[in-house]
Amino acid sequence: MALLEVKNVTKQYGHKKVMDSVTFNVEAGHIVGLIGPNGAGKSTTMRAITGLMSYTSGNIQFDGQPITFEQHTALDKVGNLIEYPAIYPNLTALDHLKLYAMDTPSPANFDDLMRRTQIDGENFGKRKAKKFSLGMKQRLGIAIALIRNPKMVILDEPMNGLDPQSVHDLRELIRSLADEGVAFLISSHLLDELQKLVDDVVIINDGKIIKTSPIAAVFEHDQVHYQLVTNDNILAMPILVDQGWQVEDENGQLLITGPTGPQDIITVLNQHNLTIEGLNTVQANLEQSLLELLSTNDTEGK
Ligand SMILES: Nc1ncnc2c1ncn2[C@@H]1O[C@H](COP(=O)(O)OP(=O)(O)OP(=O)(O)O)[C@@H](O)[C@H]1O
């Protein structure tokens, strides 16, 4: 049984279904990205899972126990950071951890938590929260989400307001916790960052799940592209086309999609005495794949 099971959950506001039979699982130790355009239903889904909101039908189970607006003992083992954390300006980071740990019989070790979330680094532990930057508040929010040694953590846009180094550190923290068995459900608009982190994706659009799959499978139908510049692109183009590659001229660079790898491109150009001035692989990109999926979905829906 998966750690989190969301089955046919529908949430209706009046006649509008903002969650329409939403179904997906999160396994222990997996990092799952919940992605979709603005207004797709990501926050609503996270709010339903964390018992913050009632839902119209369907069911949600965590660790075999139901989660509803009224019933959420199972949530003792779920940490979350949804929107902004409740932070009190006159308390220090350490005060916050003590406060949030008050009703927890065996909270995480505060020093360990502050070290892992890098709150201790510049003595933030002793500084009042009113002096914190947005990034610092975000780190404190994540530390609070971890205070109960959760089995799963739900993070809505956790990278907002963080500088690139902090995003990198957060990624490392999430990965190390996942290696210890903690599951994560994360939404983010920073798809490049999410792509580096998640094991699985759940793609939602207009309240409906349009894909759930391992991240690698999102790219499996994407062909690899190469960007090429030669000393004579006009000559190179038909030579490559003859060999079965699709070639487009994009502002002086040839964008190549084809049956075989770069070694064959190099060989055939060498045979024609063409000089390669640049050859790069264009990585598969979650943002592009998401846009393609959404456009296919739109067409199918019509
Ligand atoms: N209280 C509410 N009453 C009516 N409609 C609502 C309410 N809360 C959310 N919605 C609608 O539900 C839909 C989903 O909103 P939600 O905030 O879950 O989307 P999201 O995917 O998190 O978007 P974003 O990326 O912009 O945060 C939107 O159309 C929103 O307008």
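Basis of the calculations
- Residues numbered from 1 in each chain as written.
- Predicted model: local features only at pLDDT ≥ 70, side-chain atom pairs only at ≥ 80, totals over all residues.
- Helix = DSSP H or I, 4+ residues; strand = E, 2+ residues; numbered from the N terminus.
- Near = placed C-beta within 6 Å.
- Nonpolar A, V, L, I, M, F, W, Y, C, P; charged D, E, K, R; others polar.
- Pairing = 2+ DSSP bridges.
- Axes fitted to C-alpha atoms, helices over the stretch in contact; angles between N-to-C directions.
- Domains from an automatic or database assignment.
- Core = buried A, V, L, I, M, F, W, Y, C linked by C-beta atoms within 7 Å.
- Buried ≥ 20, exposed ≤ 12 C-beta atoms within 10 Å, placed from the backbone.
- Contact = placed C-beta atoms within 7 Å.

Draft legend 1. Molecular detail of the environment of Lys17. Relative to the assigned elements, Lys17 resides in strand β2 (residues 16–26). Note: C-alpha distance between Lys17 and Arg47 (30 residues apart in sequence) is 15 Å.

Draft legend 2. Structural context of the site of the ligand. Close to the ligand lie Tyr13, Val18, Gly36, Asn38, Gly39, Ala40, Gly41, Lys42, Ser43 and Thr44. It is helix α1 (residues 42–49) that provides the largest number of residues to the shell around the ligand, a total of three residues. Residue composition of the shell around the ligand, grouped by class: three nonpolar, six polar and one charged.

Draft legend 3. Broad picture of the sheet that holds strand β13 (residues 253–257). Read from one edge to the other, the open sheet built from four strands follows the order β12-β13-β11-β14, with strand pairing classed as antiparallel. Of all the strands in the sheet, the pair left with one neighbour each is β12 (246–250) and β14 (276–282). Pairwise comparison of adjacent strand axes, ignoring direction, gives a mean angle of 25° for this sheet. Taken together, the six bridges between strand β11 (residues 225–230) and β14 define a ladder with antiparallel strand orientation. Of the residues in β14, the one forming a bridge with Gln227 is Asn280.

Draft legend 4. Just the sheet that holds strand β4 (residues 57–62), in detail. Sheet architecture is open: four strands sit in the order β2-β1-β4-β5, paired in antiparallel fashion. Looking at the sheet topology across the chains shown, the edges are occupied by β2 and β5 (65–66). Of the pairings in the sheet, the one linking strand β1 (residues 4–13) to β2 comprises seven bridges and is antiparallel in character. Considered in β2, the bridge of Tyr13 is made with Lys16.

Draft legend 5. Representation of the domain arrangement of the protein chain within the structure. Under the domain assignment used here, the protein chain contains domain 1 (4–218) and domain 2 (225–282). The C-alpha-based centres of domain 1 and domain 2 are spaced at 45 Å.

Draft legend 6. Structural view of the nonpolar core. The biggest cluster of nonpolar side chains holds 65 residues, and the ones touching the most others in it are Ala143, Met152 and Phe184. Here this core gets six residues from one element, more than from any other, and that element is helix α4 (residues 134–145). Contacts of Met152, omitting those with residues within four sequence positions, involve Leu3, Leu4, Val26, Lys77, Val78, Val182, Ala183 and Leu185. If you look at the next biggest cluster of nonpolar residues, it comprises ten residues, including Ala236, Leu240, Trp245 and Val247.

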